[in-house]
Amino acid sequence: MYVCMCHAVTEDQVKKAIDGGANTPRQIARGCRAGTDCGSCVRRIQALLGEHGARPCPTARLAAKLGLADPEDPAAPSAPAPEAAPVVPLRVTRANRAA
């Protein structure tokens, strides 16, 4: 299956790069250019790195530290919705009526 459509890079190519010693998306990009164009494949590359024992990306560590769920993990609990700010009615005065 393709990981990077921009450069026609497959999962097998990314896995070979990981087996060859790549530990970060940037190191994978040096070998096959995956993740260097639109960037939509970087999350999948990070997931493949994580599946193969590489250290997680800083964003994943921060999300885990904050207790945030991975948006792509359907089994993860969802974060509570933020409380809405109170609605304050706008006062219409003569000064702003003319504006």
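For clarity, every value in this text was computed on a predicted model and none was experimentally measured.

Caption draft 1: The arrangement of the overall build of the chain in detail. Helices and strands together make up the secondary structure of the chain, namely five helices and two strands. Secondary structure of the chain in N-to-C order comes out as β-β-α-α-α-α-α. In the chain, the share of contacts with a sequence separation of at least 24, taken over all contacts with a separation of at least 6, comes to 50%. In the structure as shown, the chain presents an accessible area of about 7900 Å², 55% of it carried by carbon and sulfur atoms.

Caption draft 2: The arrangement of the confidence of the model for the chain in detail. With 59% of its residues at a pLDDT of 70 or more, the chain shows a mean pLDDT of 76. No element of the chain has a lower mean pLDDT than helix α5 (residues 94–97), which averages 62, and none a higher one than strand β2 (residues 9–10), which averages 95.

Caption draft 3: Expanded view of the environment of V14. As for its position among the elements, V14 is in helix α1 (residues 11–19). Measuring from C-alpha to C-alpha, the distance between V14 and C32 comes to 8.1 Å, with 18 residues separating the pair along the chain. Setting aside residues no more than four positions away along its own chain, V14 makes contact with V3, V9, I28 and L48.

About the cut-offs
Residues numbered from 1 in each chain as written. Predicted model: local features only at pLDDT ≥ 70, side-chain atom pairs only at ≥ 80, totals over all residues. Heavy atoms only, no water. Helix = DSSP H or I, 4+ residues; strand = E, 2+ residues; numbered from the N terminus. Contact = heavy atoms within 4.5 Å. Areas by Shrake-Rupley, 256 points an atom, 1.4 Å probe, with all protein chains shown as cover. pLDDT = per-residue confidence, 0-100.

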